[in-house]
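Here is how the chains run, residue by residue.
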Amino acid sequence: MNAKVTPIRTAAETALIERFPALKAGLPGPAGPREQAFATFMASGLPNRRVEAWKYTDLRAAMREAAPLAPKPDAAQTIVALKGNSPLAGQGVVTLSFVNGYHVGTEGTVPSGVTIVPLAEALGSGHPLLARMGTLALAQGDTALALNTAFMTDGAVIHVAAGAEVDGPIALRFVTAGPSAIATAARVLMVVESGAKVLLVESHEGQGKLAHQTNTAVEIIAGDGAEVQHVRLGLNSEGAVALSTLTADLGAATSLTSVNVALTGAMVRHQVYVRFSGGDARAQINGATLLQGQQHADSTLVVEHAAEPGGESRELFRTIIDDEASGVFQGKIIVQPHAQKTDGRMASNAVLLSEGAAMYNKPELEIFADDVACAHGATCGALDDELLFYLMSRGISKAEAEALMIESFVGAAIDDIAHEAIRDVLHGLVQDWLKARAARINAGAGV
Amino acid sequence: MLEINNLHVKIADEDKVIIRGLTLKVAKGEVAAIMGPNGSGKSTLSYVIAGKPDYEVTDGEVLLDGVNILEMAPDERAAVGLFLAFQYPMEIPGVATMTFLKAAMNAQRKQRGQAELTTPEFIKRVNAAAELLGIPKDMLRRPLNVGFSGGEKKRMEILQMTLLEPKMSVMDETDSGLDIDALKIVAEGVNARRDPEHAFLVITHYQRLLDYIKPDTVHVMSRGLIVKTGGPELALELEANGYRDYQSAA
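Per chain, the residues get numbers from 1 upward, laid out in the order the sequence is written. All chains are assigned letters beginning at A, and all ligands numbers beginning at 1, according to the order in which they are written. Side-chain atom pairs in this predicted model are given and counted only at pLDDT of 80 or more, local residue features only at pLDDT of at least 70, and totals for whole chains, interfaces and linings cover all residues.

Q: Kindly report on the overall build of chain A, identifying the contributing residues and their values.
A: The helix and strand inventory of chain A stands at nine helices and 19 strands. Atoms counted for the radius of gyration: C-alpha only. Globule rule: 2.2 Å times residue count to the power 0.38. Against the compact-globule benchmark of 22 Å for 447 residues, chain A has a radius of gyration of 21 Å, which places it among compact chains. Once the C-alpha set of chain A is aligned to its principal axes, its extents read approximately 65 × 60 × 55 Å. A residue is called partly exposed when the number of other C-beta atoms within 10 Å of its own lies between 12 and 20, exposed at 12 or fewer, and buried at 20 or more, with C-beta atoms placed from the backbone. Buried positions account for 55% of the 447 residues belonging to chain A. Summarising the internal contacts of chain A: among those between residues at least 6 apart in sequence, 82% fall at separations of at least 24. Per the convention used, a helix needs a DSSP run of H or I reaching at least four residues, while a strand needs a run of E reaching at least two, with both numbered from the N terminus. Throughout, a pair of residues is in contact if the C-beta atoms placed from their backbones lie within 7 Å.

Q: Describe the interface of chain A and chain B, with residues and values.
A: Taken together, the contact pairs 17 residues of chain A with 22 residues of chain B. Put simply, Ala, Val, Leu, Ile, Met, Phe, Trp, Tyr, Cys and Pro go in the nonpolar bin, Asp, Glu, Lys and Arg in the charged bin, and everything else, Gly too, in the polar bin. Partitioning the side of chain A that touches chain B into residue classes produces seven nonpolar, five polar and five charged.

Q: So what about the sheet that holds strand β14 (residues 296–305) of chain A? Which residues, and what values?
A: All names here are of chain A. Pairing is mixed in the open sheet, where nine strands are placed in the order β3-β4-β6-β8-β10-β12-β14-β16-β18. Two strands in the sheet have a free side with no partner beyond their single neighbour: β3 (114–118) and β18 (358–367). Averaged over neighbouring strand pairs, the angle between their axes works out to 10° when direction is ignored. By definition, two strands form a pair when at least two bridges between them are found by DSSP. Two elements, β14 and strand β16 (residues 326–335), share ten bridges in a ladder whose sense is parallel. Within β16, the position partnered with His-305 by the bridge is Val-335. Under this scheme, a helix contributes an axis fitted over its contacting stretch, all axes are lines through C-alpha atoms, and angles between N-to-C directions fall in the 0 to 180 degree range. Running over the sheet, helix α6 (residues 143–151) touches β6 (183–192), β8 (213–222), β10 (241–250) and β12 (267–276) and is turned about 95° from β8.

Q: Break down the pairing of strand β8 (residues 199–204) of chain B for me, with residues and values.
A: Residue and element names in this part refer to chain B. Of all six residues making up β8, six are buried, and the element is well covered by its neighbours. Where burial is concerned, the two faces of β8 agree: the one with Ala-199, Leu-201 and Ile-203 and the one with Phe-200, Val-202 and Thr-204 are both buried. Handedness of the β-α-β unit built from strand β7 (residues 168–172), helix α7 (residues 180–192) and β8 comes out right-handed. Seen with its strands pointing away from the viewer, a crossover is right-handed when the path leading from the first strand over the helix to the second is clockwise.

Q: So what's going on with the environment of Gly-223 of chain A? Which residues, and what values?
A: Residue and element names in this part refer to chain A. Mapped onto the secondary structure, Gly-223 falls in the loop between β8 and β9 (227–235). Of the residues examined, Gly-223 has 20 C-beta atoms within 10 Å and is grouped as buried. Separated by 55 residues in the primary sequence, Gly-223 and Gly-278 place their C-alpha atoms 8.8 Å from one another. Once residues lying within four places of it in the same chain are set aside, the contact partners of Gly-223 are Ala-162, Val-192, Glu-193, Ser-194 and Gly-251.

Q: Now, about the environment of Met-63 of chain A: what can you tell me, with residues and values included?
A: Residues and elements named next belong to chain A. Looking at the secondary structure, you find Met-63 in the loop between α3 (59–62) and α4 (75–81). Met-63 sits in the buried class, given 23 other C-beta atoms within 10 Å. For the pair Met-63 and Ala-325, spaced 262 residues apart in the sequence, the C-alpha separation amounts to 18 Å. Here Met-63 is in contact with Ala-12, Leu-46, Gln-213 and Val-241, once residues within four sequence places are set aside.

Q: Please provide a residue-by-residue account of the sheet that holds β7 of chain B, values included.
A: Residues and elements named next belong to chain B. One open sheet accounts for six strands, arranged β6-β7-β8-β3-β9-β10; its pairing is mixed. Because the sheet does not close on itself, it has two edges, and the strands there are β6 (82–85) and β10 (225–230). Each neighbouring strand pair of the sheet contributes to a mean axis angle of 20°, computed without reference to strand direction. In terms of strand pairing, β6 meets β7 through four bridges, oriented parallel. Within β7, the position partnered with Leu-84 by the bridge is Val-170. Taken strand by strand, helix α6 (residues 150–164) contacts β6 and β7, and its axis lies near 170° from that of β6.

Laid out in structure tokens, this is it:
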């Protein structure tokens, strides 16, 4: 019997399916990888809460309609979009700006040992490094990443030569702007050769309240002994449905530090896939998320230790949730049978500031080796009353004491960033968030 | 200075009564000691004076210079000159000790309508107080109390007391966990602030601390009440005979 199952498509799914053939013809590069990725999406549809990995973040429900893929902005739109001040302005030795997923300009000097090619150009010319794009098996089958691959408009291919010690951050600024909600799909591939050192900083900035649908992906491939630092700042538009994926493939004795700071957006999901392909690598993966109103933020993480010695992974996710907002942490550490001596420790800690706040913590360990040290911890609770009393007994007001405690709590996830100026910018953004909260409380108390 | 009248206290969400009609006066310039066995309500008394929310005052009043402070939030009590040195000072990862000290000093100044301290003036005051208490500079750069030994934490409490200049200081078993050298330093910090304008309520389980901080008055607390009041000789008597007489008398 051959029963043909025809899945019922939502309006958004139908729109994506109808638009894809025309879009792929206009998008740069060969159609093959896009078609293959789109087939992955076709098989699963938009992920919903029946899919385990998306149980707490129902993308299908959040994406009632598929916003149209943004066209390349003209000069006037670009000027308007870039007018606002980026919190990370001036931090990069070189800064690539993107508007609605298209490269619109590069400022500064590309450091020696580094080559950067806009992705649209790389796709058009068949850049050799593209052979390494999308090669991390761990992330294959991921619907968000598949949609990014199918629709990617532009982005960057970054190459860091062996042994290059890049002085100063490479910055990518992604701005989403426009009079109506749009979809964007930017993609970055960074290949860091053996022994090189680099810091990549991305900021995602959206203006206004529109429900933009952004989907970005950054792939990092680190050669033996490379040292990679990565910072991501999510300042999406208030109504945004923002998906982001980081993949990292780590060679032997590499080190990776990645910190994601998520502040705005209606529904944001940051996914991290890290594979320890070479022995004795080290990764520190952190997230600092501050949520208010009706916001929903999801941090989903899969770390695979696949070499011997298995290396060391540390994951620290700190979430502050106010009002009716909700947070999700899903973290999985996989230790393959031969990845002996793996040392993995994962922690997700959330502080709920209100009765209506919710946090879903799902830590998982899948260990197939017998000589490993792995641990996970997930906590969720209110601010510590004892500590609050201690601070207040010194004359510090309740609001200020809470602010100190919150800053200290999320600061722990930010402090692994070695670059002092960028760390300070992120601490400053946390302080701004706390000031806005204090203002909301004062305004509420005045009513 | 401090006047406690007929104070009744129970744990906020339970029926457990801890203090049952306690009355106590500490005059300006006085150093009063409260001694008592474990579970007599000494720490609860200190928390209630400072305004910890876990307790409910069912009757009585606590006056500081004639003003009932029971309706005040803990930060307001601090601003009117009350200080509690904690038995177990809290650790705050990620907040540098200097940042905390500055926040506390300026918050109190703000509540009193004084201008914020300039950074050089603040640093001058901290350095002077730290030197007096033998606190090394690197301790001030670390997050507050994180990784500090028991003795270091207590010294940090005394440093805060010195910088915040309260008129009424309550010290909750500041001697617990201290070796003799640390005990002397802590006592010196208290003695340096002893003058006709300041008062201290020193809560302790053992007589040892009172060798270094000579009290004017000694109160014995048992089962939520002051059961005996006397001079320094009372502390010596307790050291010799223990608390047994008072426990059965209460």
